[in-house]
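Next come the chains, spelled out residue by residue.
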Amino acid sequence: PAVVAISVSKIVPKYEQFSQQLDPFGFFFAPQLRQNGTQKQVIGGGSGFIVTSDGLIATNKHVVSDVNAQYSVKTKDGKTYDATVIARDAVLDIALIKIVGSDFPTLEFGDSSSLKLGQSVIAIGNALAEFQNTVSVGVISGLSRSVTAGNGQGATEQLDELIQTDTAINPGNSGGPLLNLFGQVIGVNVAVAQGSQNIGFALPINIVKSAIQSVKETGKIARPFVGIHYAQINATVQKQNNLAVDYGVLVTGPDKNVSGVVAGSPAEVAGIKNGD
């Protein structure tokens, strides 16, 4: 009951046909179209799961990435709610959205660090953005996978430490939970290998928990960071830069015109300099 379907809507131009004439040889010209106002149209969908009884919902960032779109949530009892995006994670493909209400059912978190290959798991989600609360079962096929995921529109992101599963995960399942047999969330379904047979991926819940907890406590996702660009020091880097050690990191920018210290960052405040 805590798994929800997310709909993505947008105001788009509305067109109408205004002429269809015969040419001298008796053939129709191509229909002529003109804009006649705008209309609200569903352009996509995904899944999510409720993490607090007052309606905080976890999903994937790519499900709610369009800042100009409108989002709504349908719960298992058939009710539909307008949803507000509370936070999009700059690091993980995670977002938190909110609906207004109380006494919503919630899901309990499991421990993704204790997962084993072959362990049975369950995925629930809004498959193909059409079949709400679709349940599929399978096993954990791999751990600590790294993939480059794309949204089909040219944008890509690197995802690491993923859970691989043969549980059927389809478009629309994104943002839904991957569960153990106790009904605890151990992952957030995030991607599927195109052209494959039953190769899906989920973000481990242990790396998602901190983002959810941050939103619960502060209303936003706060990530600690140092604020440096660096190169890993090895024997070659040591020799090139006349360093005293062959371990650690050298603070250096991506090119000679860019400092290795991000302006205004904790590193700059702490006094770290380019070349340290």
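Here the structure is a predicted model, which means the values were calculated and not measured.

Enquirer: Explain the sheet that holds strand 10 (residues 177-179) here, please?
Expert: The strands that make up a sheet pair up through hydrogen bonds in the backbone, lying either parallel or antiparallel. Spatially, 7-8-9-12-11-10 is the arrangement adopted by the 6 strands of the closed barrel, whose pairing is antiparallel. Neighbour to neighbour, the strand axes of the sheet diverge by 55° on average, direction disregarded. Contacts between helix 1 (residues 205-218) and the sheet are confined to strand 11 (185-192) and strand 12 (200-204), with strand 12 contributing the most and set at about 50° to the helix.

Enquirer: What should I look at first to understand the pattern of salt bridges in this one?
Expert: Opposite charge on two side chains permits pairing when their charged atoms draw close. A full pass over the atoms with the stated rule returns 2 salt bridges. Aspartate 66 serves as the salt-bridge partner of lysine 10, at 2.7 Å between the closest nitrogen and oxygen. Here lysine 10, found in strand 1 (residues 3-19), pairs with aspartate 66, found in the loop between strand 3 (56-59) and strand 4 (70-74); they are 56 residues apart in sequence, far enough to count as distant. For lysine 10, a relative accessible area of 25% translates into the label partly exposed. Using a relative accessible area of 21% as the deciding quantity, one classes aspartate 66 as partly exposed. Between arginine 223 and aspartate 89 there is a salt bridge, with its nearest N and O atoms 2.5 Å apart. Here the residue arginine 223 occupies a position in the loop between helix 1 and strand 13 (230-232), and aspartate 89 occupies one in the loop between strand 5 (80-88) and strand 6 (95-98), the gap between them amounting to 134 residues. A relative accessible area of 1% places aspartate 89 in the buried class.

Enquirer: I tried to follow the environment of asparagine 206 on my own but got confused; where do I start?
Expert: One can find asparagine 206 in helix 1. Counting along the chain gives 24 residues from asparagine 206 to tyrosine 230, while the straight-line C-alpha distance between them is 27 Å. Within the structure, asparagine 206 has its side chain in polar contact with the side chain of aspartate 111 (distance 2.8 Å). At a separation of 3.2 Å, a polar atom in the side chain of asparagine 206 contacts the side chain of lysine 209.

What counts and how
Residues numbered from 1 in each chain as written. Predicted model: local features only at pLDDT ≥ 70, side-chain atom pairs only at ≥ 80, totals over all residues. Heavy atoms only, no water. Pairing = 2+ DSSP bridges. Helix = DSSP H or I, 4+ residues; strand = E, 2+ residues; numbered from the N terminus. Axes fitted to C-alpha atoms, helices over the stretch in contact; angles between N-to-C directions. Contact = heavy atoms within 4.5 Å. Salt bridge = Lys/Arg side-chain N within 4 Å of Asp/Glu carboxyl O. Buried < 20%, exposed > 50% of the residue type's maximum accessible area, 1.4 Å probe, protein only. Polar contact = N/O pair within 3.5 Å; in protein donor to acceptor, adjacent residues only side chain to side chain.

These results come straight from atomic positions and should not be treated as a statement about function.
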